[in-house]
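Here is what each chain is made of, one letter per residue.
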Amino acid sequence: MTSRHWRFVIALATLGCVVVCPTVVVAQAPAYITQWGSFGGGDGQFQYPTGVATDAAGNVFVTESYDVQMFTGTGTFLSRWGLPGNGNGSFDVPYGVAIDAVGSVYVADYNNHRIQKFTNTGIYVTQWGSNGGGNGQFRSPNGVATDAAGNVYVSDSFNHRIQKFTGTGTYLTQWGSEGVGDGQFKQLVGLATDAAGSVYTVDLDNNRIQKFTNTGAFLTRWGSFGSGDGKFQYPSGVATDAAGKVYVADSYNHRIQKFTSTGAYVTQWGNEGVGDAQFSRPSAVATDAAGSIYVLDAGNNRIQKFGDPATPTKATTWGRLKILFR
């Protein structure tokens, strides 16, 4: 408080008043922790990375042009798999990646119009999908997510729908069509689920997030084109944390935005650049059980890791001063 404010409080106190100054909790952006990656074809380097996910052990999986790389949560390289092509275990631009509760890895193989499933060491397990608009077919699948029951959700980008499968690829249901209404999409990209089973989708060309039940019933949406709080310029990735918060990679605003599960704006961080906590077209985001946040900084060919600050900032709000008389 300024000296002027203190003189005012003291004067009120001499009159026998109790002064109550409410405080407002200001959400802080997560703290920068570390980063790894640079442009190149070596282990731990990236060439146009596209997706990021974590497993229960805290390992981090990153998809890039033709392969998947696996790291510890601090960026130590562990393994990689994949080759260019359309055979089992080969990729033609893998995009989304997701890990289920038992550690299986699902990859949206964009230009091969299929989902491939692996062990967490990269051993090929199975695949499903082909180019088309029928049940279980895809036109450039992008996002992929799993739920606690082991189901797999796929953003079928140019069919403008979400498809749901068992963990072995059996078709279950779908929802969506092209448009701007509730439950309609214009180029689906990132996809995430939360602990309650809700499904969050990044509706790229509509510059918004949509939320559904796990059977496709529409719940809510938020966002529009722009650079203000809660607005987006071609968002591409979405993730949730254990507390139910939602993180969005707001790609062409070069930032991450954080929301409640109902879409209320919480905070944001990032701007365009190459420094710590700066981004160039962040394309995906993931969280781990410890609350860390991993951002795929695609234009800078790196992963950046953040953690929530221990305590938020508190600010006194004089505009709501209350004076209670004894």
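Please refer to the structure higher up on the page.
Residues numbered from 1 in each chain as written. Predicted model: local features only at pLDDT ≥ 70, side-chain atom pairs only at ≥ 80, totals over all residues. Heavy atoms only, no water.

S.K.: Explanation requested: the sheet that holds strand β4 (residues 51-54) in the structure shown.
M.R.: Strands in a sheet are paired, the pairing made by backbone hydrogen bonds, and the direction either parallel or antiparallel. Strand order in the open sheet made by the 4 strands is β4-β5-β6-β7, with antiparallel pairing throughout. If you trace the sheet from one side to the other, it starts and ends with β4 and β7 (77-81), each paired once. Taking the axes of each pair of neighbouring strands and ignoring which way they run, one obtains an average angle of 20° across the sheet. By the bridge criterion, 4 bridges tie strand β6 (residues 68-71) to β7 in an arrangement that is antiparallel. Looking across to β7, one finds that methionine 70 is bridged to serine 79. (Pairing = 2+ DSSP bridges. Helix = DSSP H or I, 4+ residues; strand = E, 2+ residues; numbered from the N terminus. Axes fitted to C-alpha atoms, helices over the stretch in contact; angles between N-to-C directions.)

S.K.: Any chance you could explain a nonpolar patch on the surface here in plain terms?
M.R.: A cluster of nonpolar side chains, namely Phe225, Tyr234 and Tyr252, defines an oily patch on the protein surface of about 340 Å² accessible area. Following the sequence through the fold, tyrosine 234 ends up in the loop between β19 (218-222) and β20 (237-240). (Patch = residues over 30% accessible without salt bridge, like charges linked within 9 Å, V, L, I, M, F, W, Y side chains within 5 Å. Areas by Shrake-Rupley, 256 points an atom, 1.4 Å probe, with all protein chains shown as cover. Salt bridge = Lys/Arg side-chain N within 4 Å of Asp/Glu carboxyl O.)

S.K.: What should I look at first to understand the nonpolar core in this one?
M.R.: One recurring pattern in soluble globular proteins is that nonpolar side chains are buried together. With 12 residues, the main nonpolar core is built from Val189, Ala192, Tyr200, Val202, Leu204, Ile209, Trp222, Phe232, Val238, Val246, Val248 and Phe259. At the level of secondary structure, the elements contributing two or more residues to this core comprise β16 (188-193), β17 (199-203) and β21 (246-250). Look past the residues within four positions of valine 202 in its chain and what remains in contact with it is Gln187, Leu188, Val189, Gly190, Arg208, Ile209, Pro235, Ser236, Gly237 and Val238. (Core = buried A, V, L, I, M, F, W, Y, C linked by side-chain atoms within 4.5 Å. Buried < 20%, exposed > 50% of the residue type's maximum accessible area, 1.4 Å probe, protein only. Contact = heavy atoms within 4.5 Å.)

S.K.: Explanation requested: the side chain of threonine 50 in the structure shown.
M.R.: Within the secondary structure layout, threonine 50 lies in the loop between β3 (31-36) and β4. Among the polar contacts listed, one links the side chain of threonine 50 to the backbone oxygen of proline 94, at a separation of 2.6 Å. (Polar contact = N/O pair within 3.5 Å; in protein donor to acceptor, adjacent residues only side chain to side chain.)

S.K.: Can you walk me through the packing of aromatic side chains in this structure?
M.R.: In this description, a pair of aromatic rings is defined by centroid distance and the angle of the planes. This model, assessed by the stated rule, comprises 25 aromatic pairs. Ring geometry for tryptophan 36 versus phenylalanine 71: centroids 5.6 Å apart, planes at 45°, classification tilted. Here phenylalanine 71 lies in strand β6 and tryptophan 36 lies in strand β3, a separation of 35 residues in the sequence. Residue tryptophan 36 is classed as buried on the basis of its relative accessible area of 8%. Ring plane angle 75° and centroid distance 6.1 Å describe the contact between phenylalanine 118 and tyrosine 124, whose orientation is recorded as edge-to-face. (Phe/Tyr/Trp six-rings, centres within 6.5 Å; stacked < 30°, edge-to-face > 60°.)

S.K.: How should I be thinking about the environment of valine 68 in this particular structure?
M.R.: Within the secondary structure layout, valine 68 lies in strand β6. The spacing of valine 68 and glycine 82 is 14 residues in sequence and 6.4 Å in space, taken between C-alpha atoms. Ignoring sequence-local partners within four residues, the contact set of valine 68 consists of Phe61, Val62, Thr63, Ser79, Arg80, Trp81, Phe91 and Val107.

S.K.: Explanation requested: unusual backbone geometry in the structure shown.
M.R.: A negative phi angle is the norm for most residues apart from glycine, just as the trans form is the norm for most peptide bonds. Even without being glycine, valine 93 reaches a positive phi, approximately 65°. Structurally, valine 93 can be placed in the loop between β7 and β8 (94-99). At asparagine 301, a position not held by glycine, the phi torsion is positive, near 50°. The topology assignment puts asparagine 301 in the loop between β25 (293-297) and β26 (302-307). Judged by its relative accessible area of 9%, asparagine 301 falls in the buried class.

S.K.: Sorry if this is basic, but what is going on with the pairing of β8 here?
M.R.: Where a strand is regular, its side chains alternate between the two sheet faces. The element β8 is extensively covered by neighbouring structure, given that 5 of its 6 residues are classed as buried. Strand direction decides the pairing type here: β8 and strand β9 (residues 105-109), joined by 4 bridges, are antiparallel. By the bridge assignment, alanine 98 is partnered in β9 with tyrosine 106. The hairpin turn running from β8 into β9, its antiparallel successor, is 5 residues long, and glycine 103 in that turn takes a positive phi close to 95°.

S.K.: Sorry, what's going on with the sheet that holds strand β13 (residues 152-156) here?
M.R.: Across the sheet, which stays open at both edges, the 4 strands sit in the order β12-β13-β14-β15 with antiparallel pairing between neighbours. On the outer flanks of this sheet lie β12 (141-146) and β15 (171-175), each paired with one strand and no other. Ignoring which end each strand starts from, the neighbouring axes of this sheet average 20° apart. The pairing of β12 with β13 spans 4 bridges and is antiparallel. Residue pairing in the sheet places valine 144 in a bridge with valine 154 of β13.

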